[in-house]
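Close look at the chain arrangement
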Amino acid sequence: MSSSHRTRTTRWFAGAALLALPLAACGGSDEPPAQSAPSSTTSPATESATPTDTSPPSPTESPAPSSPSGAPGAGCPATGTAVPDGAATAPTADLDGDGAADQLWLSGGDPRTLGVATASGAVLSTEFTSAAPQAASALGQRLGDGGPAVVLLDTGRAVDLYAVVDCEIVPTQNDQGEQYTFDRGFTGYGTGVGCVDLGSGLQLVGLKAESDEAGERFTVTRTAVELADGGRTAANGPGEVVAEDAAADDPVVTSAQAVTCGEPQEPVHEPQ
C-alpha cells in the first residue's frame, strides 16, 4: 500500500513489516495505489474520485475548500511574475487557502517545471526530473477539513507528492528523508493513488490492485497516507483490503489503477 517507495521501495513502505497488505504508496521519485465503486465481493469505502473523471472544474465553478484556520485567508501575495509562455494550465482546488480556486501549470523543455498560479496573483514553481519517457501530469487538492494542500505529479512510473506550504511548492518527505512517492506498478508496490472521504474530509491513500495468476480477478488494498507539518512530511498509516475476487473492469479495480483525488478534475498535462 502506501509507503515511501524504494525510495520507491523503502520510501513506500516505511519498512517491510509495515506492509502486511500489498498496497501502494511510496517515497521516492520516478516510480510508482483509492477506492471507488463496490467490488464483486467486498464493499469498499466510498472514494471521492474515480478514473472516470471527466471535465475540469473552472476556477469560478469549483467549490474552494477553506484555509487551514477554517476560514478563507488572504492567500499568497502576488509575485509580479507570470506563468511561462507555452505552459499548459488547468483549474484546480484552492491551494493557498484564500477560498478561491487556483491553477496548476506544467512547462515542457529543460528544466521541466511544475507550478501553481493562485487567484491572488502568486506564481509558485518547482523543477522536477524523471527517467520515465512519458509526459508528466498533475492535479491538486486540499485534504481534510481545511487540511494540507497537496499536488500529485504523475510521471508515468511514479507519482511524486508535493505540498503547497507558506506559498511554496515543497516535496513531501518520507521517513527516510526522501520525497514520498506512490508506485504506479513499475516496482510492484502499488498501482494508483486516490482520496477517500471518511466523514472528516479527504484522506490521501495509496492503492494496489493485485491480480491472480490468470490476471482475471483482483484483490485491492489501500493504505492511508498520514501527513504532518502542513504536508511537509508523510508516513504510511493503516492498510486494509477493500475488494477481493473483483473483475478487471470493476470500478474498484480500475480506480485503483488511476490517479485521482477529490471532485472530478482534469489534470494538467505537460506540453511536448
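The paragraphs below set out a description of the structure included in this document. (Residues numbered from 1 in each chain as written. Predicted model: local features only at pLDDT ≥ 70, side-chain atom pairs only at ≥ 80, totals over all residues. Heavy atoms only, no water.)

Let us look at the packing of aromatic side chains. Per the counting criterion, the structure on display carries 1 aromatic pair. Between Tyr-180 and Phe-182, the aromatic rings sit 5.3 Å apart at their centres with planes inclined by 70°, giving edge-to-face as the arrangement. Judged on exposure class, the residue Tyr-180 and its partner Phe-182 are both buried. (Phe/Tyr/Trp six-rings, centres within 6.5 Å; stacked < 30°, edge-to-face > 60°. Buried < 20%, exposed > 50% of the residue type's maximum accessible area, 1.4 Å probe, protein only.)

Bringing the pattern of salt bridges into the picture now. Overall, the coordinates contain 6 salt bridges when judged by the stated rule. The shortest N-O distance in the salt bridge between Asp-166 and Arg-232 comes to 2.8 Å. Of this pair, Asp-166 sits in the loop between β7 (158-165) and β8 (168-171) while Arg-232 sits in the loop between β12 (217-228) and β13 (233-247), and the two are 66 residues apart along the sequence. Assessed through its relative accessible area of 64%, Asp-166 is described here as exposed. When its relative accessible area of 28% is taken as the criterion, Arg-232 is described as partly exposed. With its nearest N and O atoms 3.0 Å apart, the salt bridge here joins Arg-217 to Asp-245. Of the two residues, Arg-217 sits in strand β12 while Asp-245 sits in strand β13, which places them 28 residues apart along the sequence. The exposure class assigned to Asp-245 is partly exposed, which follows from its relative accessible area of 40%. Here the salt bridges share partners, and the residues they tie into one network are Asp-166, Asp-229 and Arg-232. (Salt bridge = Lys/Arg side-chain N within 4 Å of Asp/Glu carboxyl O. Helix = DSSP H or I, 4+ residues; strand = E, 2+ residues; numbered from the N terminus.)

Our focus in this paragraph is the state of the cysteines. Here the structure, examined in full by the defined rule, presents 2 disulfides. Disulfide pairing is shown between Cys-76 and Cys-167; the S-S distance is 2.3 Å. Handedness here is read from the sign of the S-S torsion; for Cys-76 and Cys-167, about -105°, the answer is left-handed. With Cys-76 in the loop between α1 (6-13) and β1 (88-92) and Cys-167 in the loop between β7 and β8, this residue pair connects regions lying 91 residues apart in the sequence. The class of Cys-167 is partly exposed, set by a relative accessible area of 29%. Sulfur-sulfur distance for the disulfide between Cys-195 and Cys-261 comes to 1.8 Å. Around the S-S axis, the bridge from Cys-195 to Cys-261 shows a dihedral of about -80° and counts as left-handed. (Disulfide = S-S within 2.5 Å.)

It is worth spelling out the side chain of Asp-94 at this point. Positionally, Asp-94 belongs in the loop between β1 and β2 (102-107). Summary of buried charges: Asp-94 has no salt-bridge partner, and the nearest side chain of opposite charge, Arg-142, is 4.5 Å away. Of note is the side chain of Asp-94, whose polar atom sits 2.9 Å from the backbone nitrogen of Gly-97. (Lys, Arg positive; Asp, Glu negative; His and termini not counted. Polar contact = N/O pair within 3.5 Å; in protein donor to acceptor, adjacent residues only side chain to side chain.)

Among the secondary structure elements, Val-268 is positioned in strand β14 (residues 268-269). Counting along the chain gives 180 residues from Val-268 to Ala-88, while the straight-line C-alpha distance between them is 6.5 Å.

Before going further, it helps to spend a moment on the sheet that holds β13. One open sheet holds the 4 strands; their spatial order is β10-β11-β12-β13, and the pairing between them is antiparallel. The open sheet is flanked by β10 (192-197) and β13, the only strands paired with a single partner. Averaged over all adjacent pairs, the angle separating strand axes in this sheet is 30°, with direction ignored. (Pairing = 2+ DSSP bridges. Axes fitted to C-alpha atoms, helices over the stretch in contact; angles between N-to-C directions.)

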